[in-house]
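Listed here are the chains, written in short residue letters.
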Amino acid sequence: MIVLLYKEAYFSTNKINPSVPSVVVSLLQDFDEVFPEEMPIGGKPIRGIEHQIDFIPGAPIPNRPAYRSNPEETKELQRQVSELMEKGYVRESMSPCAVPVLLVPKKDGTWRMCVDCRAINNITVKYRHPIPRLDDMLDELHGSCVFTKIDLKSGYHQIRMKEGDEWKTAFKTKYGLYE
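Calculation criteria
- Residues numbered from 1 in each chain as written.
- Predicted model: local features only at pLDDT ≥ 70, side-chain atom pairs only at ≥ 80, totals over all residues.
- Heavy atoms only, no water.
- Salt bridge = Lys/Arg side-chain N within 4 Å of Asp/Glu carboxyl O.
- Helix = DSSP H or I, 4+ residues; strand = E, 2+ residues; numbered from the N terminus.
- Buried < 20%, exposed > 50% of the residue type's maximum accessible area, 1.4 Å probe, protein only.
- Core = buried A, V, L, I, M, F, W, Y, C linked by side-chain atoms within 4.5 Å.
- Contact = heavy atoms within 4.5 Å.

- In the nomenclature of an unreviewed UniProt entry, the protein chain is known as Reverse transcriptase domain-containing protein of Acer saccharum.

1. Remarks on the pattern of salt bridges
Here is step 1: Scanning the model with the defined rule gives nine salt bridges in all.
Here is step 2: The residue Arg91 makes a salt bridge to Glu179 at a minimum N-O spacing of 2.8 Å. Here Arg91, found in the loop between helix 3 (71-87) and strand 1 (99-105), pairs with Glu179, found in the segment after strand 4 (176-178); they are 88 residues apart in sequence, far enough to count as distant.
Here is step 3: Since its relative accessible area comes to 14%, Glu179 is described here as buried.
Here is step 4: Here Asp165 makes a salt bridge to Lys168, at a shortest N to O gap of 3.3 Å.
Here is step 5: Here Lys168 falls in the buried class, since its relative accessible area comes to 11%.

2. Brief notes about the nonpolar core
Here is step 1: By size, the foremost hydrophobic cluster in this structure holds 18 residues, and its most contacted members are Phe55, Met113 and Phe171.
Here is step 2: Listed by contribution, the elements that provide at least two residues to this core are helix 3, strand 1 and helix 4 (118-122).
Here is step 3: If we ignore the near neighbours within four places in the chain, the residues touching Phe171 are Val81, Val90, Val99, Val101, Met113, Val115, Gly176, Leu177 and Tyr178.

Printed below as a string of structure tokens:
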């Protein structure tokens, strides 16, 4: 656990901090591939636990048009989509199901691409399992004294879709359809 605490301090400065023990520094250098700066290129491996989307039987499949956008937003959207394609997270699609995407400004002034899945959510079979009660979850933490922060960088793209359900994740831009 202590190694995880030192990891961020060591790699953010890229110089040896005198307060970090030399044993920890050598350990971090030996296992630096465990904490990559970028996610590996390509899809996630099939592990037997994939996300699937079940539609309500007989529901009409949505095929919404792309939202209007100004030239700056269109260029940024295409940049983000091409970046996702290079990493292997999305691919071109021929899906009959499509929802639009839009850009939302972040606090730092950059743009976040958001897929408007409301039409898909309306025809998706809802989960049948209740969300755990907050007080029960807090009771499980009783007595814990060490906590870590797990970096879920690009966490959305770490969820693998069940084989054959990818077409249900299709989104539409002015220049194409992707899933």
